[in-house]
Amino acid sequence: MDKREEFLKQLFTEDDIYKVREIFDKNCEDFEECILIHFGTSYSGSYNEFRGFSVNNYSAFGVANYEHAFLLDKNTNDGVMVDRVINLDLNIIQYLSQIIKNKKINNENEFIRYLNTIKEYKMTPNMSIAVIERMSKLGGNESEKIFSEQVLSYVKFLTLPIITKEKLQEDILLPEDKYKMAYKIMEKVNMLKGETIYHEIIAIQALIMKAFLLKMDKKMSKKGKIQELINFCLLDLNVYMENELYLCALYLNDAPEVKRIFEKIETYSKETVRRIKNISWDLANIRLSEKQIIDDLKSGKVTFHYLGTYDKGLQDAIKINPIVIMGKVSGSQIIIRKNRIENMDIFDESMLEYYSKIIGERPKEKNTLEQINDICESVEKDISKRQNDYFG
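Computed from a prediction, not measured in an experiment: that's the story for all the values here. Per chain, the residues get numbers from 1 upward, laid out in the order the sequence is written. Where totals are concerned, whole chains, interfaces and linings use all residues; where local detail is concerned, this predicted model gives features only for residues with pLDDT of at least 70, and gives and counts side-chain atom pairs only at 80 or more. For the side-chain quantities, the full set of heavy atoms in the structure was used; hydrogens and water were omitted.

Novice: Where do I start with the overall build of the protein in this structure?
Specialist: Helix and strand counts for the protein stand at 16 helices and 9 strands. For the exposure calls, accessible area comes from a 1.4 Å probe over protein chains only, and a residue counts as buried if that area is under 20% of its type's maximum, exposed if over 50%, partly exposed in between. Put simply, the protein has 392 residues, and 51% of those count as buried. Every residue pair with non-hydrogen atoms within 4.5 Å of one another is taken to be in contact. Taking the contacts inside the protein whose residues are at least 6 apart along the sequence as the reference set, 78% of them involve residues at least 24 apart. Per-residue and other accessible areas follow the Shrake-Rupley method at a 1.4 Å probe size, with only the shown protein chains counted as cover for residues. As displayed, the protein offers around 19300 Å² of accessible surface, 45% of which is attributable to carbon and sulfur atoms. The way it works is that DSSP assigns letters per residue, a run of H or I at least four long becomes a helix, a run of E at least two long becomes a strand, and they are numbered from the N terminus.

Novice: How should I be thinking about the packing of helix 13 (residues 272–298) against helix 16 (residues 369–391) in this particular structure?
Specialist: Comment: axis = line fitted to C-alpha atoms, over the contacting stretch for helices; angle = value between 0 and 180 degrees taken between N-to-C directions. At a minimum axis separation of 10 Å, helix 13 and helix 16 run at an interaxial angle of 140°. One finds that helix 13 runs oblique with respect to helix 16. When helix 13 is examined against helix 16, the residues Thr-272, Val-273, Ile-276 and Lys-277 are found in contact with a partner set consisting of Glu-380, Ile-383 and Gln-387. Any residue outside Ala, Val, Leu, Ile, Met, Phe, Trp, Tyr, Cys, Pro, Asp, Glu, Lys and Arg is labelled polar, Gly included; the first ten of those are nonpolar and the last four are charged. For the contact of helix 13 with helix 16, a count of residues per class yields 3 nonpolar, 2 polar and 2 charged. Note on angle classes: values under 35 degrees are labelled roughly parallel, values over 145 roughly antiparallel, values of 65 to 115 roughly perpendicular, and the remainder oblique.

Novice: Is there a simple way to explain the sheet that holds strand 4 (residues 70–73) in this structure?
Specialist: Pairing between sheet strands relies on hydrogen bonds along the backbone, with the strands arranged either parallel or antiparallel. Strand pairing is assigned whenever DSSP detects at least two bridges linking the two strands. Spatial ordering of the open sheet is given by 4-1-8-9, a layout of 4 strands whose pairing is antiparallel. Each end of this open sheet is capped by a strand with a single partner; those strands are strand 4 and strand 9 (332–337). With strand direction ignored, the average angle separating the axes of adjacent strands in the sheet is 10°. Here strand 1 (residues 34–38) pairs with strand 4 via 4 bridges, running antiparallel. Across the sheet, the residue bridging to Ile-35 is Asp-73, located in strand 4. The strands touched by helix 2 (residues 17–27) within the sheet are strand 1 and strand 4, with strand 4 carrying the most contacts at an inclination of about 15°. Running at roughly 45° to strand 8 (residues 323–329), helix 13 makes contact with strand 1, strand 4, strand 8 and strand 9 of the sheet.

Novice: It is not clear to me how the state of the cysteines should be interpreted in this structure. Could you clarify?
Specialist: Counting rule for disulfides: a pair of cysteine sulfur atoms within 2.5 Å. Tallying each qualifying case throughout the model produces 0 disulfides. Not engaged in a disulfide, the cysteine Cys-233 finds its nearest cysteine sulfur in Cys-248; these two sulfurs lie 8.5 Å apart. Its relative accessible area of 0% is what places Cys-233 among the buried residues. With relative accessibility at 0%, the residue Cys-248 sits in the buried group.

Novice: Before we go on, may I ask you to explain the pattern of salt bridges in this structure?
Specialist: Opposite charge on two side chains allows them to pair when their charged atoms are near. Criterion for a salt bridge: a side-chain nitrogen of Lys or Arg within 4 Å of a carboxyl oxygen of Asp or Glu. On inspection of all chains with the given rule, the structure shows 20 salt bridges. Residue Glu-149 pairs with Lys-101 through a salt bridge whose shortest N-O separation is 2.7 Å. One end of the pair, Glu-149, is in helix 6 (residues 141–159); the other, Lys-101, is in the loop between helix 3 (90–100) and helix 4 (108–120), and 48 residues separate them in sequence. Glu-149 gets classed as partly exposed once you look at its relative accessible area, which sits at 26%.

Novice: Quick question: what am I supposed to make of the packing of aromatic side chains here?
Specialist: The relation between two aromatic rings is expressed through the spacing of the ring centres and the mutual angle of the planes. Any Phe, Tyr or Trp ring, taking Trp's six-membered ring, that has another such ring centre within 6.5 Å forms a pair; planes under 30 degrees apart are called stacked, those over 60 apart edge-to-face, and the others tilted. What the rule picks out here adds up to 20 aromatic pairs. Ring geometry for Tyr-95 versus Tyr-310: centroids 6.1 Å apart, planes at 80°, classification edge-to-face. Remark: Tyr-310 occurs in the loop between strand 7 (302–309) and helix 14 (312–320) and Tyr-95 occurs in helix 3; sequence separation between them is 215 residues. Of the residues examined, Tyr-95 reaches a relative accessible area of 13% and is grouped as buried. Since its relative accessible area comes to 16%, Tyr-310 is described here as buried. Members of the aromatic cluster, joined through ring pairs, are Phe-53, Tyr-58, Tyr-95, Phe-111, Tyr-114, Tyr-121 and Tyr-310. Criterion for a charge above a ring: Lys NZ or Arg CZ within 6 Å of the ring centre, and within 35 degrees of the ring normal. Sitting over the ring of Tyr-251, Lys-215 keeps its end group 4.8 Å from the ring centre.

Novice: Explain the environment of Ile-346 here, please?
Specialist: Mapped onto the elements of the fold, Ile-346 is located in the loop between strand 9 and helix 15 (349–360). Residue classification places Ile-346 among the buried residues on the basis of a relative accessible area of 14%. Along the primary structure Ile-346 and Ile-226 are separated by 120 residues, whereas in three dimensions their C-alpha atoms are 9.4 Å apart. Every residue in contact with Ile-346, bar those within four places of it in the chain, is listed here: Lys-222, Lys-223, Ile-226, Asn-253 and Met-351.

If you want it as structure tokens, here you go:
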């Protein structure tokens, strides 16, 4: 264990805020860059108002317990401004568009109240992940028209100070800067394919597809399935996805806490691939929020990101494995969660040795997007073939 790992382990295992501060102050000068947020202590200072909230099933949950946040920065002990951003998933964006068109949505009154709560909490809405998801589904002029309507609905929500159904449906002329914002959002679609997050989303899709195929294997043991999934993730894809791998391993181990996340892929259906892709977008929401928090930390800002969703599976995925420590140490991104795959009860000594061995064998050269796409398409074809056999 190197110096950085030992330092982070000490922080992770300590929940007394004064001892955490002592450990940090004692070690931080050993690193060129060291800025962390610790969410795992009993500390509850000035961030109580940053708890998540829900209105019926419409929720805004964070990827960590923000009310226990404690900033550790070797360059400052001053107070910092904290912003709140809510990443709205595609369903929320679609509901906005539907209500403007006077179409029925789930719990309409609660949805209006939810939108107003976002305003009252002074959260900054964001639709980046919805843009990436919509981008993957664009096909033809009609689809692009629907997407442009959804973007304009989102921008209208940003413009209105108080949300009512009548105000949303009112035919108003948006300010010029809002139209420019809508244009920039639509323009961004073609730019996002080159970003790292898009590579990771395709890798998440491939991982869940592989987990599904292993789940359907009635002969292999649960240990064998998890070992095969580890191989696929770390050797074939060569993408380290700690949280996604952990959740998929729980799925293979029939853990009840992930039931709602994966309940639509417990057996073959004629929509298996579409359902898997929907789950991958849910997990991508979490990954994007983490990335945004760390990117903001790099520029000296603390921003708490929330996930705005109506999806119960995503709500569970957010809560199951919260982040305890995140930040940057000597140029490396740090994300330490409450649980890791090797902490599962099924991991005996032989499994732990196997996992360590596979980590050591990972190829140094990362796969390209084209290579990850090829792997994903291959697994998808395997699902389609077995699905056809299943339905005869």
